[in-house]
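So you can see what is in the structure, the chains are spelled out below.
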Protein chains: 2
Amino acid sequence: MADKHIGKQTVALQNPPVIAAGACVVGKKEGEGPLRDCFDYISEDSYFGESSWEKAESAMFRQCFSLVCDKAKLAPSSLQYIFSGDLLNQCTGSTFALRDSDVPFFGLYGACSTMAESLALAAMTIDGGFADTVCAISGSHFCSSERQFRLPLEYGGQRTPTAQWTVTGCGGIILKAQGKGPKVTHITTGKIVDAGVKDAANMGAAMAPAAYETLSAHFADTGRSPDYYDAIITGDLGIFGHEILCELFAEDGIAFTKVFTDCGMLIFNSQEQDTHCGGSGCGCAASVLAGHILSCLKSKTWNRVLLAATGALMSPTTTMQGESIPGISHAVAIENL
Amino acid sequence: MADKHIGKQTVALQNPPVIAAGACVVGKKEGEGPLRDCFDYISEDSYFGESSWEKAESAMFRQCFSLVCDKAKLAPSSLQYIFSGDLLNQCTGSTFALRDSDVPFFGLYGACSTMAESLALAAMTIDGGFADTVCAISGSHFCSSERQFRLPLEYGGQRTPTAQWTVTGCGGIILKAQGKGPKVTHITTGKIVDAGVKDAANMGAAMAPAAYETLSAHFADTGRSPDYYDAIITGDLGIFGHEILCELFAEDGIAFTKVFTDCGMLIFNSQEQDTHCGGSGCGCAASVLAGHILSCLKSKTWNRVLLAATGALMSPTTTMQGESIPGISHAVAIENL
């Protein structure tokens, strides 16, 4: 039966899959930020040699996919599954990038939580006995996101104080059934949480309640307290969403210590780089995971990490129709066992 | 290790999950078609009581979700996961419908193949020991799809001979670890296949090569020939795509016998209902599965069915940028054991 299911919404993997390799490719602005030393490739060309922002996003995905296969010393065709998704309409950033990969493909949409969703399903696929070698990959591009979700760049629209900056970046992970490296041990799958926030320029506020729900469930289901972890890293709540999450936990008497941080806060120096509340996008959690987080796990700076990527599930159409913004957050525990 | 993986891209489930219930809600046109007796609810109101097509799509999803929980005699909150997706940008048809469900949610995007993708992952989640009770649900709405992918209905655009008609329909399945009923036994996950077709009004041609790839892999991996099955049902190739698939198999010496059919051909009487090549959309395979296919399995008219839902992974943006249309097809074997 469902012997791996613990508590309400967590699974404990019986044979935790190993992160055999991670790779990340980012844009110039991300390469100027505090995490610059952790990225595998920083592109000076925001078009990645292509003729449109959408094609650039796919080119970045392709480069990241090649790189992660190379780092894992694997022929791409030896992968048994790819789990992937992105922010573009109909998820064409990922599907067009990987259409020649010749690998069975599960397309996902979890907005900016997609990296955690893909890693979760990839890990479950291995632990369930369905595969030995699986790739999880996600990303986003600032320019394709701006014109799809907000305004064409040429318009020069002003950004509100709560706005975030979509990361141009892609992160890929190869999970294997066996080997050395950090392991995926627990997965807490998020419920959709809609707190009624309607401001599409304040996604941190829209997503913080979902992160709170998932992290609370993770602590309750596993019996772990926040201080079990060396780092608890949300996806892209940004500065303001992080503050809200802090307040929500304070109401439960849980101190929001230094272990809590956020990929969106880590990837940019917001004051210097003018990114307002910080980074966002599928590429934010994906590139920070494949770069900074993996690096800290490999150096044993951290041995127990909980990544809770966050996603805002609205579309421009739902916002125009007056809808609020549902959020979701999936948490994945990665540990040096 | 990956002891359930057979051949190149198929998994054989060790404890095949049971389809405990299926429900389908469709629009008026679908309710006038040949499968009318198999649908649980036929809405006379294409707005489903809402003020926009997008909200109508979500209302239809909600109704289908309530119905399938009711038929399975389950409180929605007793579900451990929902796997769902749809065609709308950012998959808001499904996420907005299910945002109050209070169930851990995996969002998927497989275009019109999403019902098979969600059923596949739901079944793997149960067979992998991660859950006992899971819902897979997908759907589409003709009017929201037309204005998003093609033209506003008010424009009255002419349809080409190879065009298909997006099904207004939603299908939901509840899978359980144990019980009586048809079981999901094998899953062949599709690779993305791009045959270079660029006509967005000829998606049957774009998807047929993907269906051919997945079905060929299924036969090779399982050692089963087409005549093992009582019915092999593609998702929404339509009349023209079905002909192409027939020709592709003929080149391999595989006779395209009566067991091969297509949800898009079954759901409409295309000549009388002016749907040109037939039905399409996530709701096509979803409502035909939850209605007609389950009904034939329950009555033992069929005991072995292979559903190979098909998806065209383009977006209006990729088409405008001159890209070809990648296709994908996921096959799920459902059997009375």
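Small disclaimer: the values here were computed from a predicted structure and weren't measured.

The rules we used
- Residues numbered from 1 in each chain as written.
- Chains lettered and ligands numbered in written order.
- Predicted model: local features only at pLDDT ≥ 70, side-chain atom pairs only at ≥ 80, totals over all residues.
- Heavy atoms only, no water.
- Helix = DSSP H or I, 4+ residues; strand = E, 2+ residues; numbered from the N terminus.
- Rg over C-alpha atoms; globule rule 2.2 N^0.38 Å.
- Areas by Shrake-Rupley, 256 points an atom, 1.4 Å probe, with all protein chains shown as cover.
- Buried < 20%, exposed > 50% of the residue type's maximum accessible area, 1.4 Å probe, protein only.
- Phe/Tyr/Trp six-rings, centres within 6.5 Å; stacked < 30°, edge-to-face > 60°.
- Lys NZ or Arg CZ within 6 Å of the ring centre and 35° of its normal.
- Least-squares fit on C-alpha atoms with pLDDT ≥ 70 in both.
- Contact = heavy atoms within 4.5 Å.
- Buried area = accessible area lost by both parts, 1.4 Å probe.
- Salt bridge = Lys/Arg side-chain N within 4 Å of Asp/Glu carboxyl O.
- Polar contact = N/O pair within 3.5 Å; in protein donor to acceptor, adjacent residues only side chain to side chain.
- Nonpolar A, V, L, I, M, F, W, Y, C, P; charged D, E, K, R; others polar.
- pLDDT = per-residue confidence, 0-100.
- Pairing = 2+ DSSP bridges.
- Right-handed = clockwise from strand over helix to strand, strands pointing away.
- Disulfide = S-S within 2.5 Å.

Draft legend 1. Summary view of the overall build of chain A. A count of helical and extended segments in chain A gives 11 helices and 15 strands. A compact globule built from 337 residues should have a C-alpha radius of gyration of about 20 Å, and chain A, at 18 Å, falls within 12% of that. When the backbone C-alpha atoms are referred to their principal axes, chain A occupies close to 55 × 50 × 35 Å. For chain A, the computed accessible surface area is about 10,900 Å², with 50% contributed by carbon and sulfur atoms.

Draft legend 2. Spatial organisation of unusual backbone geometry. All names here are of chain A. One non-glycine residue, Lys 73, lies in positive phi territory at about 55 degrees. Among the structural elements, Lys 73 can be located in the loop between helix H2 (53-71) and strand E5 (81-86). Look at Lys 73 and you get exposed, because its relative accessible area is 76%.

Draft legend 3. Spatial organisation of the packing of aromatic side chains. Enumeration according to the criterion identifies 18 aromatic pairs over all chains in this entry. Both rings, one in B:Phe83 and one in B:Phe106, keep their centres 5.0 Å apart while their planes meet at 20 degrees; by these two values the pair is stacked. On the criterion of sequence distance, the pair formed by B:Phe83 in strand E5 (residues 81-85) and B:Phe106 in strand E6 (residues 105-107) is long-range, its members being 23 residues apart. Residue classification places B:Phe83 among the buried positions, given a relative accessible area of 0%. According to the relative accessible area criterion, B:Phe106 is buried, its value standing at 0%. The structure contains a cluster of three or more aromatic residues connected by ring pairs, namely A:Tyr212, A:Phe219, A:Phe249 and A:Phe260. The ring centre of B:Phe130 lies 4.6 Å from the NZ or CZ of A:Lys4, which sits over that ring. Sitting over the ring of A:Trp165, A:Lys29 keeps its end group 4.2 Å from the ring centre.

Draft legend 4. Representation of the relation of the copies chain B and chain A. With an RMSD of 0.0 Å, the fit of chain B onto chain A corresponds to turning through 180 degrees and sliding 0.0 Å along the axis. Read as a symmetry element, the transformation amounts to a two-fold axis. Both copies contact each other with a shared surface, as 100% of the interface residues of chain B are interface residues in chain A too.

Draft legend 5. Looking closely at the interface of chain B and chain A. Contact residues are listed per partner, giving 65 residues for chain B and 65 residues for chain A. Regarding the contact of chain B and chain A, the summed buried area is about 5,500 Å², with carbon and sulfur atoms giving 61% of it. For the pair chain B and chain A, the number of links is six salt bridges. Among the ionic pairs, A:Arg99 bridges to B:Glu323, the shortest N-O distance being 2.7 Å. The interface formed by chain B and chain A contains 34 residue pairs in polar contact (both at pLDDT 80 or more). Secondary-structure elements contributing two or more residues to the side of chain B that touches chain A are helix H2 (53-71), E5, helix H3 (92-97), E6, helix H4 (114-127), helix H5 (142-149), helix H11 (316-320) and strand E15 (327-335) of chain B. For the side of chain B that touches chain A, the element with the highest residue contribution is H4(B), accounting for six residues. Residues that form the side of chain B that touches chain A fall into these classes: 30 nonpolar, 22 polar and 13 charged.

Draft legend 6. Fine view of the pattern of salt bridges. Residue and element names in this part refer to chain B. Summed over all chains, the structure comprises 22 salt bridges over all chains. Salt-bridge contacts for Lys 4 lead to Asp 127; the nearest nitrogen and oxygen are separated by 3.0 Å. Here Asp 127 lies in helix H4 and Lys 4 lies in the segment before strand E1 (5-6), a separation of 123 residues in the sequence. There is no split in this pair, since Lys 4 and Asp 127 are both buried.

Draft legend 7. Structural view of the confidence of the model for chain A. For chain A, the mean per-residue pLDDT works out to 97, and 100% of the residues sit at or above 70. In the predicted complex, the global pTM is 0.98; the interface-specific ipTM is 0.98.

Draft legend 8. Seen up close, the pairing of strand E11 (residues 231-234) of chain A. Residues and elements named next belong to chain A. By the alternation rule, side chains of E11 split into Ala 231 and Ile 233 and Ile 232 and Thr 234, which are all buried. As paired strands, E11 and strand E14 (residues 304-312) are joined by four bridges and run parallel to one another. Across the sheet, Ile 232 pairs through a bridge with Leu 306, a residue of E14. As for the winding sense of the linkage, the β-α-β connection from E11 through helix H7 (residues 238-251) to strand E12 (residues 260-262) is right-handed.

Draft legend 9. Looking closely at the state of the cysteines. All names here are of chain A. Throughout the structure, instances matching the rule amount to zero disulfides over all chains. For the unlinked cysteine Cys 135, the closest cysteine sulfur is that of Cys 69, found at 5.9 Å. Taking the relative accessible area as the measure of exposure, Cys 135 reaches 0% and is therefore buried. Just so you know, Cys 263 is unpaired, no disulfide at all, and the nearest cysteine sulfur is the one on Cys 284, 5.3 Å from it.

Draft legend 10. Just the environment of A:Glu335, in detail. All names here are of chain A. You can see Glu 335 is positioned in strand E15 (residues 327-335). Sequence-wise, Glu 335 and Val 184 are 151 residues apart; in three dimensions their C-alpha atoms are separated by 6.5 Å. Setting aside chain neighbours within four positions, we find Glu 335 in contact with Pro 182, Lys 183, Thr 185, His 186, Arg 224, Tyr 228, Asn 303 and Arg 304. Within the structure, Glu 335 has its side chain in polar contact with the side chain of Arg 224 (distance 3.1 Å).

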